[in-house]
Amino acid sequence: MTREIHPNELQDLLELYLHLHEDSIPELTQHLQETWSTIINDPNHHVIVNEIDGKIVSSCICVIIPNLTRGIRPYAFVENVVTHADFRGKGYATECLNFAKQIAISQNCYKMMLLTGSHNAKTLNFYTNAGYNSTDKTAFIQWLE
């Protein structure tokens, strides 16, 4: 079942992120709790999960960003697309991305964007098959310390 996350599922999400690029679960500090509260209470910030048999197996983030161009239409940014290693290749992440797309459409977004650090052809084909392309724009990233 694909849905938005419940506020009490932070620990499950952090455990899933071990299959993204994290190597440990952060300590449950006040900073973590305040950050989670900010995310979960922001109507433009959507944490989408796919739950199978009571376990969150896939997720993505969809942030709706207000915009002053393109007819004052917002756009959506997708980040942290992840599926638990034991559940990959079954369409769960695609369902999360489709859910994000429906949110973006309902918010009158004119585009959706995502970035990936992967150069794996399988991953890139996954995003292409999900409707994204890497030809319209060039992404630049500046990492901040």
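Residues numbered from 1 in each chain as written. Predicted model: local features only at pLDDT ≥ 70, side-chain atom pairs only at ≥ 80, totals over all residues. Heavy atoms only, no water.

What follows concerns the sheet that holds strand S4 (residues 75-83). The sheet built from five strands is open, its strands ordered S1-S2-S3-S4-S5 with mixed pairing. Each of the sheet's edge strands pairs with one partner strand only, and the pair in question is strand S1 (2-4) and strand S5 (112-114). Between one strand axis and the next, the sheet turns by 30° as a mean value, whatever way the strands run. (Pairing = 2+ DSSP bridges. Helix = DSSP H or I, 4+ residues; strand = E, 2+ residues; numbered from the N terminus. Axes fitted to C-alpha atoms, helices over the stretch in contact; angles between N-to-C directions.)

A separate point is the nonpolar core. If you look at the biggest cluster of nonpolar residues, it comprises 17 residues, and the most contacted ones within it are Ile48, Cys60, Val78, Val81 and Leu97. Elements with a minimum of two residues in this core: strand S3 (55-65), S4 and helix H3 (92-106). When residues of this core are assigned to their parent elements, the largest contribution, six residues, is made by H3. Residues in contact with cysteine 60, not counting those within four places in the same chain, are His46, Val47, Ile48, Val78, Glu79, Asn80, Val81, Cys96, Leu97 and Ala100. Grouped together as the second largest cluster of nonpolar side chains are 13 residues, Leu14, Leu16, Val49 and Ile61 included. (Core = buried A, V, L, I, M, F, W, Y, C linked by side-chain atoms within 4.5 Å. Buried < 20%, exposed > 50% of the residue type's maximum accessible area, 1.4 Å probe, protein only. Contact = heavy atoms within 4.5 Å.)

Attention now moves to the packing of aromatic side chains. Per the counting criterion, the structure on display carries three aromatic pairs. Measuring from centroid to centroid gives 6.4 Å for phenylalanine 87 and tyrosine 92, while their planes differ by 55°, and the two rings are tilted. Lysine 111 extends its terminal NZ or CZ atom over the ring of tyrosine 75, reaching a point 5.4 Å from the ring centre. (Phe/Tyr/Trp six-rings, centres within 6.5 Å; stacked < 30°, edge-to-face > 60°. Lys NZ or Arg CZ within 6 Å of the ring centre and 35° of its normal.)

Right, let's get into the pattern of salt bridges. Going through the model one piece at a time under the given rule, you end up with two salt bridges. The partner of glutamate 9 in a salt bridge is arginine 3, with the nearest N and O atoms 2.7 Å apart. Assigned by exposure class, glutamate 9 and arginine 3 land together as buried. In this structure, the salt-bridge partner of glutamate 51 is arginine 3, at a minimum N-O distance of 2.6 Å. You can see glutamate 51 sitting in strand S2 (residues 45-52) and its partner arginine 3 sitting in strand S1, a full 48 residues away along the chain. A cluster of three or more residues bridged by salt bridges with shared partners is formed by Arg3, Glu9 and Glu51. (Salt bridge = Lys/Arg side-chain N within 4 Å of Asp/Glu carboxyl O.)

Moving on: helix H4 (residues 121-129). Between the side-chain oxygen at the start of H4 and the backbone nitrogen of lysine 122 there is a gap of 2.7 Å, and the oxygen is on asparagine 120. Downstream of H4 by a residue or two, glycine 131 has a phi angle that is positive, lying close to 105°. (Polar contact = N/O pair within 3.5 Å; in protein donor to acceptor, adjacent residues only side chain to side chain.)

On the surface, Leu115, Ile141 and Trp143 cluster together to form a nonpolar patch covering roughly 380 Å² of accessible area. Note on placement: isoleucine 141 falls in the segment after H4. (Patch = residues over 30% accessible without salt bridge, like charges linked within 9 Å, V, L, I, M, F, W, Y side chains within 5 Å. Areas by Shrake-Rupley, 256 points an atom, 1.4 Å probe, with all protein chains shown as cover.)

Purely spatial values, then, with no claim about function.
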